[in-house]
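A closer look at the structure
Here's the letter readout for the chains.
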Amino acid sequence: MNLFLYSALGVSVLLIGGLLWRLSSNRHKLPCPSWLAWLVELDNPFAHAHKASSIIEALPIFDGIKILDIGCGPGRVALPLAQRIAEKNGWVTGLDIQHKMIEKTQAKAQVLGLTNIDFIHGALDTINLNKNTYDVVLMVCILGEIPENERVTALTSLADAVKPNGIVSITETIFDPHFQKTQTVVDLMKKVGFVQKKFIGNKGAYTLHFEKQKS
Ligand SMILES: C[S@@+](CC[C@H](N)C(=O)[O-])C[C@H]1O[C@@H](n2cnc3c(N)ncnc32)[C@H](O)[C@@H]1O
């Protein structure tokens, strides 16, 4: 009985904590702390579209491809992606608001002997990214961590950084407290000039691909 009560209490604390975090993130920058990196790195078997391998498999890979991983965190996607595109002379840049996350990924990249990855420390909404630079931009479980009133500014900066025929790949999973529904993402991307090209997964865990609308 005690075990049941403690389990119920634990789950309630997690759910309430997650909800409060989500609500506060709508107004304030509260990125996933680096001590939770181990949790971010788990490939959830119940969210196939969120797996690093699924995200990478869905991308077009070609010679000299340049990819920006926004909110790269501990490198769950950025590192295998750099490995995958190394033979194509591809390059990955990881951007993160937290220096500690970048340090973790940098250390792992060194152990793996990767020479085609670099990092930018900063927030998407305030950083000046080079224009028309990236063929692919990834956003995996990060949109909901950007406060609501900063999202359009952040996505406009991203839109400028993507090459004219470039792709933005956005992945969300319901297991993330900052989960964003498909329609919310589609509407936001439309506002900054993107059209939906691909949908992979289901309502609870999906990847959406967007292409810049020709002006
Ligand atoms: C939930 S983690 C996801 C990490 C990684 N994309 C993955 O799926 O494994 C979100 C990451 O986004 C970063 N982040 C949050 N807000 C950001 C912002 N405004 N600009 C850049 N990075 C941000 C956090 O520091 C954190 O590392």
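Residues numbered from 1 in each chain as written. Predicted model: local features only at pLDDT ≥ 70, side-chain atom pairs only at ≥ 80, totals over all residues. Heavy atoms only, no water.

1. Regarding the UniProt feature "domain: Methyltransferase" (unreviewed entry) in the protein
If you check UniProt for "domain: Methyltransferase" (unreviewed entry), the listed places come out as residues 67-166 in our numbering. Counted over residues 67-166, helix gives 33% and strand 27%. Its end C-alpha atoms are 10 Å apart. (UniProt positions renumbered as here; feature names shortened; annotations may be inferred. Helix = DSSP H or I, 4+ residues; strand = E, 2+ residues; numbered from the N terminus.)

2. Some points on the sheet that holds strand 4 (residues 134-140)
Strand order in this open sheet of seven strands is 3-2-1-4-5-7-6, and the pairing throughout is mixed. Each end of this open sheet is capped by a strand with a single partner; those strands are strand 3 (117-121) and strand 6 (194-202). Neighbour-to-neighbour, the strand axes of the sheet open up by a mean angle of 20°, direction not taken into account. Here strand 4 pairs with strand 5 (residues 162-173) via six bridges, running parallel. Looking at the pairing, Y134 lines up with V162 of strand 5. Helix 7 (residues 182-191) rests against strand 5, strand 6 and strand 7 (205-212) of the sheet, and its axis sits at about 15° to strand 7. (Pairing = 2+ DSSP bridges. Axes fitted to C-alpha atoms, helices over the stretch in contact; angles between N-to-C directions. Contact = heavy atoms within 4.5 Å.)

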